[in-house]
Amino acid sequence: MSMEEVEGSHGSMFEGGVEVRVLVVDDSPVDRRVVEGLLKRSGAMFQVIAVDSGKRAMEVLGLTEGKEAEQPTVDDPKIDIILTDYCMPEMTGYDLLKAVKEQSCQKPIPVIIMSSENEPQRISRCRAIGAEDYLLKPLKTNDVLRLRDYARPAALSPKTGTKRKIAIEMMAENSGSERRPCLAGLAAA
């Protein structure tokens, strides 16, 4: 795979030194550039790897059959989220979604479908096999902000129950003479 085949752009690091790697898959060079520009301007949280087909995306992901996947032009080929066009020649975004979700890994890569067509049946079909979202083209800044919810690596996501955990740990340090709160009737998330 040549440098022209995989367009990589290194962004700045996000808070805590963690960057989200987004694989953008679109056969339209103009749409790829628009999405890449939106991601870059969204606060330097995203590192974009752009390819022009589902087959190239499969190579970047290491999901090609019969041969070793070549390394993309980034230090680590790990992808945190896939943003793919629905309508592409050879391998559609739906086919790519299916291939990614069929992998037996415990935490599959989130896949977001983009399309200029707002077809409820297509949206339902994509969601039914695991698409995290379906965005209408042209993408807007608000769409990129929605991506942050899906794209954040585990290191950036807030831990649930942190307030209660801190309070319990602080109580454990007490001498034991204080009265402890009654937790009956609370539901665990």
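In this text the structure is predicted, and so the values were computed from the model without any measurement.

Draft legend 1. Structural detail: the packing of aromatic side chains. As enumerated under the stated definition, the model contains 0 aromatic pairs in all. The lysine or arginine in question, Arg 125, covers the ring of Tyr 94, its NZ or CZ lying 3.7 Å from the ring centre.

Draft legend 2. Geometry of the UniProt feature "modified residue: 4-aspartylphosphate" (unreviewed entry) in the chain. According to UniProt, the feature "modified residue: 4-aspartylphosphate" (unreviewed entry) maps to Asp 85 in the numbering used here. Apart from the residues lying within four places of it in its own chain, the contact partners of Asp 85 are Val 25, Asp 26, Asp 27, Gly 93, Met 114, Ser 115 and Lys 137.

Draft legend 3. Here's a closer look at unusual backbone geometry. Omega for the bond connecting Lys 137 with Pro 138 falls within 30 degrees of zero, at -5°, which places this linkage in the cis form. Residue position: Pro 138 is located in the loop between β6 (133–136) and α5 (141–151). Backbone geometry places Glu 90, a non-glycine residue, at a positive phi of 65°.

Draft legend 4. Just the confidence of the model for the chain, in detail. Confidence in the prediction of the chain, expressed as mean pLDDT, is 73, and 61% of residues score 70 or more. Within the model, pLDDT remains below 50 along residues 1–16, and this stretch shows 44 contacts once partners closer than five positions in the same chain are excluded. Counting interchain partners and residues more than four positions distant, the pLDDT-below-50 stretch residues 67–76 has 18 contacts.

Draft legend 5. Quick peek at helix α4 (residues 120–128). Where α4 is concerned, the buried positions are Arg 122, Ile 123 and Cys 126. Axial view of α4: buried residues confined to an arc of 100°, hence all on one face. Opposite its buried face, α4 presents the exposed residues Pro 120, Gln 121 and Ala 128, each directed more than 90 degrees away. Residues of α4 that are buried in the fold lie against α3 (93–101), β5 (111–115) and β6. Just beyond α4, the residue with positive phi is Gly 130, at close to 120°.

Basis of the calculations
Residues numbered from 1 in each chain as written. Predicted model: local features only at pLDDT ≥ 70, side-chain atom pairs only at ≥ 80, totals over all residues. Heavy atoms only, no water. Phe/Tyr/Trp six-rings, centres within 6.5 Å; stacked < 30°, edge-to-face > 60°. Lys NZ or Arg CZ within 6 Å of the ring centre and 35° of its normal. UniProt positions renumbered as here; feature names shortened; annotations may be inferred. Contact = heavy atoms within 4.5 Å. Helix = DSSP H or I, 4+ residues; strand = E, 2+ residues; numbered from the N terminus. pLDDT = per-residue confidence, 0-100. Buried < 20%, exposed > 50% of the residue type's maximum accessible area, 1.4 Å probe, protein only. Arc of directions from axis to C-beta.

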